[in-house]
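The chain contents come next:
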Amino acid sequence: MEKPSIPQGTRDFGPAQVARRQHIFGVIRRTFEQFGYAPIETPTLENLSVLTGKYGDEGDQLLFKVLNSGNFLVKERRGEITPLVTADDLAQGPRAVLPKIAEKGLRYDLTVPFARYVAMNRATLTFPFKRYQMQPVWRADRPQRGRYREFWQCDADVVGTDSLLCEAEIVLMMAQVLNGLGLVDFTIKINHRGVLRNIYQALGSEGKETDLFVAIDKLDKIGRDGVTKELLEKGFSDAAIDTLFELLTVGGGYAKKLQRLLAGFVTAGVEPDSQRPGPQEPTDEADDSADAYYRGLNELAAVRDLLQASGFTQFNRLEFDPTLARGLSYYTGCIFEVKINNVAMGSVSGGGRYDNLTGAFGLPDVSGVGFSFGVDRLYDCLEELELFPAGTGTLTRVLLAQFDAASLAAGLPLLAQLRAAGVPAELYPDAAKLKKQFQYADQKGIPYLLLAGPDERAAGQVKLRDMRAGQEQLLSVAEAVAVLSQAQ
RNA sequence: GUAGAUAUAGCUCAGCUGGUUAGAGCGCCGGAUUGUGAUUCCGGAGGUCGUGGGUUCGAGCCCCAUUAUUUACCCCA
């Protein structure tokens, strides 16, 4: 006999787990809808051409590819057999073979399919277009703590506007969901690709930009010494590394850090990368820093102002972290990441602005910004912190016991009556021993049991048992239905 | 892809320097109670010790291989 199993990194969810997951989905869905996002769904399968090249080399390797249907090795036409994969292809390796045998893949995230959707439906969409999407995604990653090969993401994105109000509302939604789930000890980290680029420029633009970002993103994990070591290996100079830590170790709150970085950039002679918005008034030539305008720093300041004006109060949970450098290469503006404190778990949410994501699908110059919740990680955090509301997972309120053929016949109309009254009810399907039927109700956590055996029927009544209290009372059918429909 | 750990009953795990018939808790089944769960008491079933080799008089235990699971790295929700 074959032992049943499921693929690595996938899970079954039983009724109790699904109930808890639905709770998470519900909080997220309500929040997204409150902010005006509309749900869409996209196919599990995308053409590989849509997916490849969007997530970097690492990402391409983590894509699940789907083998072409039929005989993917040869093409047979009028008895003539042509090999689809040649010896040449095989000699060249997987890169040459793959496109010949697989043209579809499982979606890797929800952002790229969304960009594809926007590009395809541009004519019918009203911009700015706000959508949310809650679907599973797949990554051929090696599973470990908080990391699965199949997991659910809940994305909210808006395309077609540059407004920083979107960024501010992302913070509002993140906070609302986490508060709603009871995960109140969280930190929303925010940074800006522009700030990272300015830091790179402040170091004299030596070495590779991505090497720098990858290294400083690990600062809180491997510490200053670890980052220094990694940067030296990547060919950065001691002087550059010193400058880097002068910039990164600026203390203070959100606004203070912005100020200090601004001063740091000016001192380092970083070229302003943007125009001051609004009317161009003549400025005081004597003060250089008043003229210095850096898009990253200024947008971060604007987001903070918008949050304040929106009545956001949890600024102690919002941290401007100039070391946050979050992977996905398509981000160009603000970037976000959310950590739950006191839990050994990676980020539960992340996102950012991408100025030209739909460009890859023939729709250039459309700015988008969005973020994603990882439901499975939220679940793991809630479980670890024991924050799930108590509940049995069953929705059934009452179980009708079955005694014999007569009680079955009498039970069916009663069952219909209960359901019509809005009471989730079930009738035990067999005339089993009462002990067994009681155990069934007990194990499922059904709070009431309705007994209508020969004795009760003779008296024209039913017996209602409260399973938790262990008490029974004899009632008329109408009274029992009334009690059950009220005792919600 | 790299490195480590683990694999014994349905589940969680014991199992001594290698030595008779491999144990516990929980769960499951039956009974005490032929109209009453959770609680209590009594009884019972269930394991070719992941798989394949090897060492040994003898292997759950030691060695090799293999598969699966898991943790960390890379990267990420």
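What you see is a predicted model; the values in this text were computed from it and never measured.

A.B. asks: For this particular structure, what's the right way to read the pattern of salt bridges?
C.D. replies: Any two side chains of opposite charge can pair, so long as their charged atoms come close to each other. Under the defined criterion, the tally for this structure stands at 21 salt bridges. With a closest N to O distance of 4.0 Å, glutamate 169 and lysine 130 form a salt bridge. With glutamate 169 in helix H7 (residues 165-181) and lysine 130 in strand E7 (residues 129-138), the pair connects residues that are 39 residues apart, well separated along the chain. Exposure remark for lysine 130: the relative accessible area of 26% places this residue in the partly exposed category. A salt bridge links arginine 457 to aspartate 404; its shortest N-O distance comes to 3.8 Å. One end of the pair, arginine 457, is in helix H18 (residues 454-459); the other, aspartate 404, is in the loop between strand E14 (398-400) and helix H16 (405-420), and 53 residues separate them in sequence. According to the relative accessible area criterion, arginine 457 is partly exposed, its value standing at 30%. Aspartate 404 sits in the partly exposed class, given a relative accessible area of 27%. Residues joined by salt bridges that share partners form a network here, namely Glu456, Lys463, Arg465 and Glu472.

A.B. asks: Even after reading the chapter, I still don't get the side chain of threonine 323, so can you show me in this structure?
C.D. replies: Looking at where threonine 323 falls in the secondary structure, it is placed in the loop between strand E10 (318-320) and strand E11 (334-340). Engagement of the side chain of threonine 323 in a polar contact is seen with the side chain of aspartate 321, the distance being 2.7 Å. What threonine 323 contacts, discounting residues up to four positions off in sequence, is Asn191, Ile216, Asp217, Leu219 and Leu248.

A.B. asks: Help me understand the pairing of E7 in this model?
C.D. replies: Regular strands place their side chains on alternate faces of the sheet. For E7, the buried fraction is high: nine of the 10 residues fall into the buried class. As defined by bridge partners, strand E1 (residues 38-39) adjoins E7 across two bridges and the pair is classed as parallel. When the bridges of E7 are listed, alanine 38 appears paired with arginine 131. In terms of strand pairing, E7 meets strand E8 (residues 150-159) through 10 bridges, oriented antiparallel. Its bridge partner being in E8, glutamine 133 is matched across the sheet by aspartate 155.

The rules behind each value
Residues numbered from 1 in each chain as written. Chains lettered and ligands numbered in written order. Predicted model: local features only at pLDDT ≥ 70, side-chain atom pairs only at ≥ 80, totals over all residues. Heavy atoms only, no water. Salt bridge = Lys/Arg side-chain N within 4 Å of Asp/Glu carboxyl O. Helix = DSSP H or I, 4+ residues; strand = E, 2+ residues; numbered from the N terminus. Buried < 20%, exposed > 50% of the residue type's maximum accessible area, 1.4 Å probe, protein only. Polar contact = N/O pair within 3.5 Å; in protein donor to acceptor, adjacent residues only side chain to side chain. Contact = heavy atoms within 4.5 Å. Pairing = 2+ DSSP bridges.

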